[in-house]
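Observations on chain architecture
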Amino acid sequence: ILEWNPLNGKLYAGNDGGVYRRSYFFNGYESISTAMSITQFYRLANSASDPTLILGGSQDNGTFRWRNDGWQAIYGGDGMEAMIHPEDPNIMYCTTQRGSLYRSNDGGFNFIGNLEPTAGAWVTPFMMEPGNPDVIYAASDSKVYRSDNEANSWYEISPELTGFNTGPL
């Protein structure tokens, strides 16, 4: 949404990332929504071994980590699925649109990328296997994939799924 204020000559832009202001004298937009809590989370993950740790993928604003008493942005893009290893909270995963998967082995300070098996839906489903968190599943646009080694390599575990007709829902 764009609104022009003729009294002060400023243009205001509102979107899912906040509210911004622009004037003739400023080259760019200035965020004026820093105190607003407007983040929309696609997915949240909590740590089974650290009650002070939450990971959340948010629309247009990336992935955030809550530790003890505050949120910190740890990865950009559209944050989607988030997972935290149940036994080792330093191992965490975040995803961005279309199934791009990233793993951190140091609690979210650094990420290893390009771990996805193939392109997926806008919010591609990922999950850890209960009782065996080194095994991860991913559902792409057409197949289901499995990794037995923390997403380092993948193999298909389903046939092509795009040709099935499930009928009306």
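Here's a quick rundown of the structure. (Residues numbered from 1 in each chain as written. Predicted model: local features only at pLDDT ≥ 70, side-chain atom pairs only at ≥ 80, totals over all residues. Heavy atoms only, no water.)

**Re the layout of surface pockets**
Considered as a void within the structure, the largest pocket measures approximately 170 Å³ in volume. In this structure, the largest pocket is lined by Ala-45, Asn-46, Ala-48, Glu-81, Ala-82, Met-83, Ile-84, His-85, Pro-86, Phe-126 and Met-128. Within the residue set of the lining of the largest pocket, elements represented by two or more residues are β5 (41–46), β9 (82–84) and β12 (126–129). When residues in the lining of the largest pocket are grouped by element, the largest group, 3 residues, is from β9. Looking at the lining of the largest pocket residue by residue, the class counts come to 8 nonpolar, 2 polar and 1 charged. (1 Å grid on protein atoms, 1.4 Å probe; cavity = no way out; pocket = protein on both sides within 12 Å on 5 of 7 lines; lining within 4 Å. Points joined across faces, edges and corners; volume = space filled by probe spheres on them. Helix = DSSP H or I, 4+ residues; strand = E, 2+ residues; numbered from the N terminus. Nonpolar A, V, L, I, M, F, W, Y, C, P; charged D, E, K, R; others polar.)

**Topic: the sheet that holds strand β10 (residues 92–96)**
Strands sit in the order β9-β10-β11 across an open sheet of 3 strands; the sheet is antiparallel. The open sheet terminates on both sides in strands that have one partner only, identified here as β9 and β11 (100–104). Going from strand to strand, the sheet's axes swing by 15° on average, the running direction of each strand aside. As paired elements, β9 and β10 share 3 bridges and run antiparallel to each other. Across the sheet, residue Met-83 finds its bridge partner in β10, namely Tyr-93. (Pairing = 2+ DSSP bridges. Axes fitted to C-alpha atoms, helices over the stretch in contact; angles between N-to-C directions.)

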